[in-house]
2 protein chains.
Amino acid sequence: MFFIIGLGLCDEKDITIRGLEAIKSATRVYLEAYTSILMVQKAQLESFYGKEIIVADRDLVECGSDEILKDADKEDVCLLVVGDPFGATTHTDILLRARHLGIPTRVIHNASIINAVGASGLQLYNFGQTVSLVFFTETWKPDSFYDRIKENAEGGLHTLLLLDIKVKEQSEENLARGRKIYEPPRYMTVRQAVSQLLEIEALREEGVLDADKTLAVAMGRVGGLDNQRILAGPLSSFLRAPPDAFGPPLHSMIIVGKRLHHLEVEYGEVFAETLGEVVALSESDLEGEARYELRDKGRKEGREKWRDVASKVYGLVLD
Amino acid sequence: MFFIIGLGLCDEKDITIRGLEAIKSATRVYLEAYTSILMVQKAQLESFYGKEIIVADRDLVECGSDEILKDADKEDVCLLVVGDPFGATTHTDILLRARHLGIPTRVIHNASIINAVGASGLQLYNFGQTVSLVFFTETWKPDSFYDRIKENAEGGLHTLLLLDIKVKEQSEENLARGRKIYEPPRYMTVRQAVSQLLEIEALREEGVLDADKTLAVAMGRVGGLDNQRILAGPLSSFLRAPPDAFGPPLHSMIIVGKRLHHLEVEYGEVFAETLGEVVALSESDLEGEARYELRDKGRKEGREKWRDVASKVYGLVLD
């Protein structure tokens, strides 16, 4: 049996009982480690699962899937995937390949950002299509995400933005020369994402995004135990936050749609306060009592901005 | 601490290690049992978790949330939820209530139909907004779902339809008389859903749905171990399948959008074969060898219909 097992979002304890049982019974366990990342290292997984894990990079999963699937008709082989197995197209591919080889397969589901985004308090049925935002280069600035956000916005829907990650990528030069030298991993931050969004708005000028009138929610390490971070406010507030405000990867973002409900605004207030606090404190080097006052002032400002845009731009009647 | 814990989709083993640890540490454990259902009974959960479970109906969760949250500032209380905690608005409400009471909260995520729908092979980023389909009555046939499907269809997107469930509901008469007598549970089937869809299309006539030209995927017990069932084909094929073709609840459906990829068609072929087989066998009482031939003929027809609509209506070039 070929098992493809979702690990969830955070660490070794987010696997399901069923997933853990499958790992224990397997002769080989692979970890797909290039479409997303967990917040813990391989060794920690190995120690908790009591199994050796083979890291599967893009080459192996996309070109060497027959190696992964070898003997899976006679014994149990597991491919571990961060989030849910169907989060990335490439996992559907390997299931299709297994089917062609006549290998029985079983999928063990888990949480993914697609549903955990509900932690923002924004209702899942108010989301439109999910959009990926890739790193711009000097010469390549794909802007199709703008059309997708626009389509969602026209229906009043929220947009979940998945921010690019580059793990084990080759530079253009190394790729051209066939040298297997890899760049250090890169993860798009919320600030980079907001910059790219506003850069394309400035080029396209279709009024889909506005620094001060578009509300957004940024999420760092959703599902993380003590280090999940959710911040909310107009896009401009995110640009004022310091680069480290959102903590380590992974980050994702939500562009808030006009079909916003007052309960969603209420739930988001505490995240708006956090963003206000971060912005206020980052712009000052006050200490002691004065710093506490500044923090409270920042929180109040964050909440007021959030509510202000929700009522004046999004047209909500708030009590 | 107030924990709200996703149980996943199938049975007691779909909980995460982290969720199970929280249950073991709790003084009270509630199970929310009216927005969705697991495929196992409460006693099986209790025996596996080693804890007594209090079933929380709509009254308790929506009106008696302070009872659930009692002492959660001093001890651990868990609310178990089928799927992921943010699948239903009512769970956001109780988190907001906890926040107002100054009770610390923690969410433990899990799979929900919102991401497990990827088991259809349709890519998650090609889905638009999720739509709920409620039971029609003689006098009440809400059709706003039609507008939502239309919005998605105009963007070429797939629509996930969540089919209504009625658990512990009172009849209008019993409600009016204040009698706490409850109707037997009801779960909308795929056939009922297709009937309701086509009924509204016939009324509205906006060409969003067509019995023979709209492809759909039906899913029974997604995430179920041995009883998950996925079938695919044009809407009319689902009407020809017998009522029990999809097995026990829960069922959900996908209306396939025009932004369909040939890999999604390929992945769905096996589900189209299953639907073709079901339809063929249901219309005949042949036995033995003749029945095998009929089955194979049905599978071939199912696959051909699926590919035919994908190429002629959805415009895909298939090899």
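Residues numbered from 1 in each chain as written. Chains lettered and ligands numbered in written order. Predicted model: local features only at pLDDT ≥ 70, side-chain atom pairs only at ≥ 80, totals over all residues. Heavy atoms only, no water.

## Things to note about the interface of chain A and chain B
Interface size, as often reported, equals the accessible area lost upon joining of the parts. The partner chain B presents 53 residues to the 53 residues of chain A that form the contact. Of the roughly 4500 Å² buried at the junction of chain A and chain B (both faces included), carbon and sulfur atoms supply 54%. At the boundary of chain A with chain B, the tally comes to nine salt bridges. Between R18 of chain B and D14 of chain A there is a salt bridge, with its nearest N and O atoms 3.1 Å apart. There are 27 residue pairs in polar contact (both at pLDDT 80 or more) connecting chain A and chain B. (Contact = heavy atoms within 4.5 Å. Buried area = accessible area lost by both parts, 1.4 Å probe. Salt bridge = Lys/Arg side-chain N within 4 Å of Asp/Glu carboxyl O. Polar contact = N/O pair within 3.5 Å; in protein donor to acceptor, adjacent residues only side chain to side chain.)

## Side note on the domain arrangement of chain A
Residues and elements named next belong to chain A. Segmenting chain A into domains produces domain 1 (2-111) and domain 2 (114-312). Each of domain 1 and domain 2 was reduced to a C-alpha centroid, and the two centroids are 30 Å apart. When residues of domain 1 are sorted by the area they lose upon contact with domain 2, L9, I37 and M39 head the list and together hold 44% of the total. Our count for the domain 1 to domain 2 interface comes out at one salt bridge. Across the domain 1-domain 2 interface, the total number found is one residue pair in polar contact (both at pLDDT 80 or more). Split by residue class, the side of domain 1 that touches domain 2 holds seven nonpolar, two polar and three charged. (Domains from an automatic or database assignment. Nonpolar A, V, L, I, M, F, W, Y, C, P; charged D, E, K, R; others polar.)

## A short note on the side chain of H251 of chain A
All names here are of chain A. Along the chain, H251 turns up in strand β12 (residues 251-255). Using a relative accessible area of 7% as the deciding quantity, one classes H251 as buried. Among the polar contacts listed, one links the side chain of H251 to the backbone oxygen of G247, at a separation of 2.8 Å. Filtering out sequence-adjacent residues up to four positions away, H251 remains in contact with L163, M188, T189, V190, M219, G220, R221 and F246. (Helix = DSSP H or I, 4+ residues; strand = E, 2+ residues; numbered from the N terminus. Buried < 20%, exposed > 50% of the residue type's maximum accessible area, 1.4 Å probe, protein only.)

## Some points on the relation of the copies chain A and chain B
Each of the two chain copies goes to the other by way of a rotation about an axis and a shift along it. Superposition record for chain A on chain B: RMSD 0.0 Å, screw rotation 180 degrees, translation along axis 0.0 Å. Taken together, the turn and the small shift mark the pair as related by a two-fold rotation axis. (Least-squares fit on C-alpha atoms with pLDDT ≥ 70 in both.)

## Remarks on the UniProt feature "domain: Tetrapyrrole methylase" (unreviewed entry) in chain A
Per the UniProt annotation, the sites labelled "domain: Tetrapyrrole methylase" (unreviewed entry) are residues 1-236 of chain A. Counted over residues 1-236 of chain A, helix gives 33% and strand 19%. Its end C-alpha atoms are 51 Å apart. (UniProt positions renumbered as here; feature names shortened; annotations may be inferred.)

## A word on the pattern of salt bridges
Under the defined criterion, the tally for this structure stands at 61 salt bridges over all chains. Between E301 of chain A and K297 of chain A there is a salt bridge, with the nearest N and O atoms lying 3.4 Å from each other. Of this pair, E301 of chain A and K297 of chain A both sit in helix α12 (residues 288-312), four residues apart, roughly one helical turn. Here E301 of chain A falls in the partly exposed class, since its relative accessible area comes to 41%. With its nearest N and O atoms 3.5 Å apart, the salt bridge here joins R28 of chain B to E75 of chain B. Here the residue R28 of chain B occupies a position in strand β2 (residues 28-32), and E75 of chain B occupies one in the loop between α4 (65-69) and β4 (77-81), the gap between them amounting to 47 residues.

## Structural notes on helix α5 (residues 89-100) of chain A
Residues and elements named next belong to chain A. The end-to-end C-alpha distance of α5, which contains twelve residues, comes to 17 Å, matching closely the 16 Å that a straight helix rising 1.5 Å per residue would cover. Within α5, the full set of buried residues consists of T90, H91, T92, I94, L95, L96 and A98. At the C-terminal side of α5, G102 shows a positive phi close to 75 degrees. (Expected span 1.5 Å × (residues − 1).)

## Points about the packing of aromatic side chains
Residue and element names in this part refer to chain A. One pass over the full model with this rule turns up eight aromatic pairs over all chains. Ring geometry for F48 and Y49: centres 6.1 Å apart, planes at 70 degrees, overall edge-to-face. What makes Y49 buried here is its relative accessible area of 1%. Pairing F238 with F246 gives two aromatic rings, centres 6.1 Å apart and planes at 25 degrees, and the pair type is stacked. Residue class for F238 comes out buried when judged on its relative accessible area of 0%. (Phe/Tyr/Trp six-rings, centres within 6.5 Å; stacked < 30°, edge-to-face > 60°.)

## Points about the UniProt feature "binding site: S-adenosyl-L-methionine" (unreviewed entry) in chain A
Per the UniProt record, "binding site: S-adenosyl-L-methionine" (unreviewed entry) is found at L9, D84, G87, S112, I113, L163, V222 and H251 of chain A. Positionally, S112 of chain A belongs in the loop between β5 (105-108) and α6 (113-116). By relative accessible area, which is 5% here, S112 of chain A ends up buried. Those residues in contact with S112 of chain A that lie beyond four places of it in its chain are L9, G83 and D84 of chain A together with N115 of chain B. Within the secondary structure, I113 of chain A is located in helix α6. Take I113 of chain A: its relative accessible area is 19%, and that puts it in the buried class.

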